[in-house]
Amino acid sequence: MKENERKITRRFFFGVLGKTSIIVALLAEAIGAIKAFIPKVLYEPPSKFKIGKPEDIPEGITFLPQHRLYIFRNNDDFHAISAVCTHLKCIVDWKPDQREFYCPCHGSIFSQAGINLTGPAPKPLPWYPLSLAPDGNLVIDSSKQVKPDYKYSL
Ligand code: FES
């Protein structure tokens, strides 16, 4: 055996293994401690939001893609329904000829009142209450639900 060749002994092997285990355990503990400082917060869009001035909302049914809902306007009456399918959250399409909402993902059909008629959707589309903000904008509160016959009148 050459003089500069090191022989790996059992004692050396277990010594290295033990030190490595301690370092890995300390690193795991440190990562856990650092993660404790990162807040576990789910950032969601606010449930109350403005959709614009009533005079800017056209008569009939308007899709607001940024809010994922439909606004119905009949003169001074407004109501809002979610466009999010109650099955797996696809966006439903309004079919004016049939006066129904169709989900392009798995074929659920909802009546104009949001009632789930066919398909895998387990629940109706929710309707949201509206109010008027002091600055004259219509406000929707998607944290609450109202009945399909609810209307906000100016
Ligand atoms: S997501 Fe609408 S039917 Fe499945």
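For the structure itself, consult the block above.
The paragraphs below set out a description of the structure included in this document.

What counts, and where the lines are drawn
- Residues numbered from 1 in each chain as written.
- Predicted model: local features only at pLDDT ≥ 70, side-chain atom pairs only at ≥ 80, totals over all residues.
- Helix = DSSP H or I, 4+ residues; strand = E, 2+ residues; numbered from the N terminus.
- Buried ≥ 20, exposed ≤ 12 C-beta atoms within 10 Å, placed from the backbone.
- Contact = placed C-beta atoms within 7 Å.
- Pairing = 2+ DSSP bridges.
- Axes fitted to C-alpha atoms, helices over the stretch in contact; angles between N-to-C directions.
- Expected span 1.5 Å × (residues − 1).
- Core = buried A, V, L, I, M, F, W, Y, C linked by C-beta atoms within 7 Å.

## Examining the overall build of the protein chain
Item 1. Per the secondary structure count, the protein chain includes one helix and 12 strands.
Item 2. When its helices and strands are written in sequence order, the protein chain yields α-β-β-β-β-β-β-β-β-β-β-β-β.
Item 3. For the protein chain, the residues scored as buried account for 16% of the 154 residues in total.
Item 4. Looking at the protein chain alone, contacts between residues at least 24 apart form 35% of all its contacts between residues at least 6 apart.

## A few points about the sheet that holds strand β5 (residues 93–95)
Item 1. Across the sheet, which stays open at both edges, the four strands sit in the order β5-β6-β7-β8 with antiparallel pairing between neighbours. Of all strands in the sheet, those bounded by a partner on one side alone are β5 and β8 (116–118). Neighbour-to-neighbour, the strand axes of this sheet turn through a mean angle of 35°, independent of strand direction.
Item 2. Bridge analysis of strand β6 (residues 100–102) against strand β7 (residues 109–111) gives three bridges, and the strand direction is antiparallel. Residue pairing for β7: E100 is matched across the bridge by S111.

## A look at helix α1 (residues 10–35)
Item 1. Here α1 is 26 residues long and its end C-alpha atoms lie 37 Å apart, about the 38 Å a rise of 1.5 Å per residue gives.
Item 2. Within α1, only zero of the 26 residues are buried, leaving the element largely exposed.

## A few points about the sheet that holds strand β1 (residues 48–52)
Item 1. One open sheet holds the three strands; their spatial order is β1-β11-β10, and the pairing between them is antiparallel. Each of the sheet's edge strands pairs with one partner strand only, and the pair in question is β1 and β10 (130–132). Each strand of the sheet is rotated relative to its neighbour by a mean of 35°, with strand direction disregarded.

## Quick look at the nonpolar core
Item 1. L69, I71, A80, I81 and V92 are the most contacted members of the largest nonpolar core, which totals 20 residues.
Item 2. Only β3 (69–74), β4 (77–82), β9 (127–128) and β11 (138–141) provide two or more residues apiece to this core.

## A short note on the environment of P148
Item 1. If you trace the backbone, P148 turns up in the loop between β11 and β12 (152–153).
Item 2. Residues contacting P148, with those up to four places away along its chain left out, are A113, G114 and W127.

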